[in-house]
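Here are the chains, one letter per residue:
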Amino acid sequence: MRKQLLIAPTILFVFILLTLFYLLIIERNPSEVPSNLLNKKVPKFETESLLKNERFVSSQEFGNEIILVNFFATWCKPCRDEHIYIKRFSSEKKIRVIGINYKDNSSNAIDWLKNLGNPYSNVPIDKSGRIAIDWGVYGIPETFLINSKGIIKYRHVGQITKKTYKKINLLIKEIE
Amino acid sequence: MINKTFIIIISICLIQLFSDNSFTVEPEEVLENQKQELRARNISKNIRCMICQNQSIDESNAPLAKDLRILIRNKIKEGKKDKEIYNFLTDRYGDFILLKPPLKSSTLALWLLPFIFLIIGFFIVFHLNKKSEKI
């Protein structure tokens, strides 16, 4: 019995090793922090719009249909790389996409959208980064999936790749 | 010669020990009211920089850390209490933004397991010691 008891630390050690090994081989981003806003209402905000003369009022935009919110900036290289997928969401999947222009130069942003194509139905401006803080954003690009009741269902930190594009599409089907 | 080098090395080590880490708060951020500034610095030291993750926003040069430092100072100027400021930040970024995880039912294992392992360790050492005494 006593001898058996002494095996316990070895078993525990092997268990810890296996757990660490498992975490090492699965595909995950250890720096990605889960959003605290999941299953909560979208934060309320009001700001200028990049392409429209009227102000952007969040309470008027969310809560009617599924919306994808994408924080982007022209100075952010991954934003440019993921733009092709953002465009596919709006053109192929007919999802409404709102692009929040984060700490950017407005004329650069207008040119950027002219050159690369504009998938956004509206582009609210977050000049100071204060709106992003309310959304718990810490590294753009970040993309949020909002259901038709205005509840945040998913957040992706970083560039949208083919894999995340597929994942978000599956989630859209699930919440439809 | 060796003694001189030794003294220099020891001095450098001691400077590291007693220095108040890095100081990244920029002059324009500092509040005029010293008491308020001290409060802001104390809060900032407990808030994790979400980009660098192992630094507090008080030490970090990241733009988001600066934004949060300014936001904390503005909240203090508005007359918000420390707890309200911490709640504001955890509501948006979760408990992860606190450098010290709070004691909650979900973090109970994190806080208690080291003590449990320590007790198990003592028990094993005590047990083996007793056994070797018999021999």
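A short tour of the structure in this document, coming up.

Digging into the overall build of chain A
Alright, step 1. Scanning chain A from N- to C-terminus turns up six helices and seven strands.
Alright, step 2. For chain A, whose C-alpha radius of gyration is 21 Å, the value lies well above the compact-globule estimate of 16 Å for 176 residues.
Alright, step 3. Burial status across chain A gives 45% buried among its 176 residues.
Alright, step 4. Here the contacts in chain A between residues at least 6 apart in sequence split such that 71% fall between residues at least 24 apart.
Alright, step 5. If you sum the accessible surface of chain A, you get close to 10000 Å²; carbon and sulfur atoms cover 57% of it.
Alright, step 6. For chain A, the distance from the average position of its 27 positive side-chain charges to the average position of its 17 negative side-chain charges is 8 Å.

With respect to the sheet that holds strand 3 (residues 67-72) of chain A
All names here are of chain A.
Alright, step 1. The mixed open sheet is built from five strands, whose spatial order is 5-4-3-6-7. Among the strands making up the open sheet, the edge pair consists of strand 5 (125-126) and strand 7 (152-157).
Alright, step 2. Strand direction decides the pairing type here: strand 4 (residues 96-102) and strand 5, joined by two bridges, are parallel. Its bridge partner being in strand 5, Y102 is matched across the sheet by D126.
Alright, step 3. Across the sheet, helix 3 (residues 77-91) lies against strand 3, strand 4 and strand 6 (142-146), angled at about 165° from strand 3, the strand it touches most.

A look at the interface of chain B and chain A
Alright, step 1. Taken together, the 23 residues of chain B in the interface contact 20 residues of chain A.
Alright, step 2. Taken over both partners, the interface formed by chain B and chain A buries close to 1700 Å², and the fraction arising from carbon and sulfur atoms is 63%.
Alright, step 3. By the criterion of area lost to chain A, the three top residues of chain B are R92, Y93 and H127 of chain B, representing 29% of everything that side buries.
Alright, step 4. Across the chain B-chain A interface, the total number found is two salt bridges.
Alright, step 5. Linking D67 of chain B and K103 of chain A is a salt bridge whose minimum nitrogen-to-oxygen distance equals 2.4 Å.

Comments concerning the packing of aromatic side chains
Here the distance between the centres and the angle between the planes together describe a pair of aromatic rings.
Alright, step 1. Counted according to the given criterion, the structure contains eleven aromatic pairs over all chains.
Alright, step 2. Residues F71 of chain A and F144 of chain A carry aromatic rings whose centres are separated by 6.0 Å and whose planes lie at 65° to one another, so their mutual orientation is edge-to-face. Taken together, the residues F71 of chain A in strand 3 and F144 of chain A in strand 6 connect sequence positions 73 residues apart.
Alright, step 3. For F71 of chain A, a relative accessible area of 0% gives the class buried.
Alright, step 4. We classify F144 of chain A as buried; its relative accessible area is 0%.
Alright, step 5. Ring pairing ties together the aromatic residues F45, F56, F62, F71, W135 and F144 of chain A, which thus form one cluster.
Alright, step 6. For K75 of chain B, the ring lying beneath its charged end belongs to F88 of chain B, and the centroid distance is 4.1 Å.
Alright, step 7. Directly above the aromatic system of F88 of chain B lies the positively charged group of R92 of chain B, at a separation of 3.7 Å from the ring centroid.

Comments concerning helix 4 (residues 106-116) of chain A
All names here are of chain A.
Alright, step 1. A109, W112 and L113 are the residues of helix 4 that are buried. Buried residues of helix 4, seen end-on, are gathered within an arc of 95° and therefore sit on one face of the element. Facing away from the buried side of helix 4, by more than 90 degrees, are the exposed residues K114 and N115.
Alright, step 2. Along its buried surface, helix 4 packs onto strand 3, helix 3 and strand 4.
Alright, step 3. Trailing helix 4 by a residue or two, G117 shows a phi angle of about 100°, which is positive.

As for the pattern of salt bridges
Between side chains of opposite charge, pairing is possible as soon as their charged atoms come close.
Alright, step 1. According to the stated counting rule, one finds 17 salt bridges over all chains in the structure shown.
Alright, step 2. In this structure, K80 of chain B engages E78 of chain B in a salt bridge whose closest nitrogen and oxygen atoms are separated by 3.8 Å.
Alright, step 3. Connected via shared salt-bridge partners are E61, E65 and R96 of chain A.

How each quantity is defined
- Residues numbered from 1 in each chain as written.
- Chains lettered and ligands numbered in written order.
- Predicted model: local features only at pLDDT ≥ 70, side-chain atom pairs only at ≥ 80, totals over all residues.
- Heavy atoms only, no water.
- Helix = DSSP H or I, 4+ residues; strand = E, 2+ residues; numbered from the N terminus.
- Rg over C-alpha atoms; globule rule 2.2 N^0.38 Å.
- Buried < 20%, exposed > 50% of the residue type's maximum accessible area, 1.4 Å probe, protein only.
- Contact = heavy atoms within 4.5 Å.
- Areas by Shrake-Rupley, 256 points an atom, 1.4 Å probe, with all protein chains shown as cover.
- Lys, Arg positive; Asp, Glu negative; His and termini not counted.
- Charge placed at Lys NZ, Arg CZ, Asp CG, Glu CD.
- Pairing = 2+ DSSP bridges.
- Axes fitted to C-alpha atoms, helices over the stretch in contact; angles between N-to-C directions.
- Buried area = accessible area lost by both parts, 1.4 Å probe.
- Salt bridge = Lys/Arg side-chain N within 4 Å of Asp/Glu carboxyl O.
- Phe/Tyr/Trp six-rings, centres within 6.5 Å; stacked < 30°, edge-to-face > 60°.
- Lys NZ or Arg CZ within 6 Å of the ring centre and 35° of its normal.
- Arc of directions from axis to C-beta.

Note that every value here comes from positions in space, so none of it alone points to a role or purpose.
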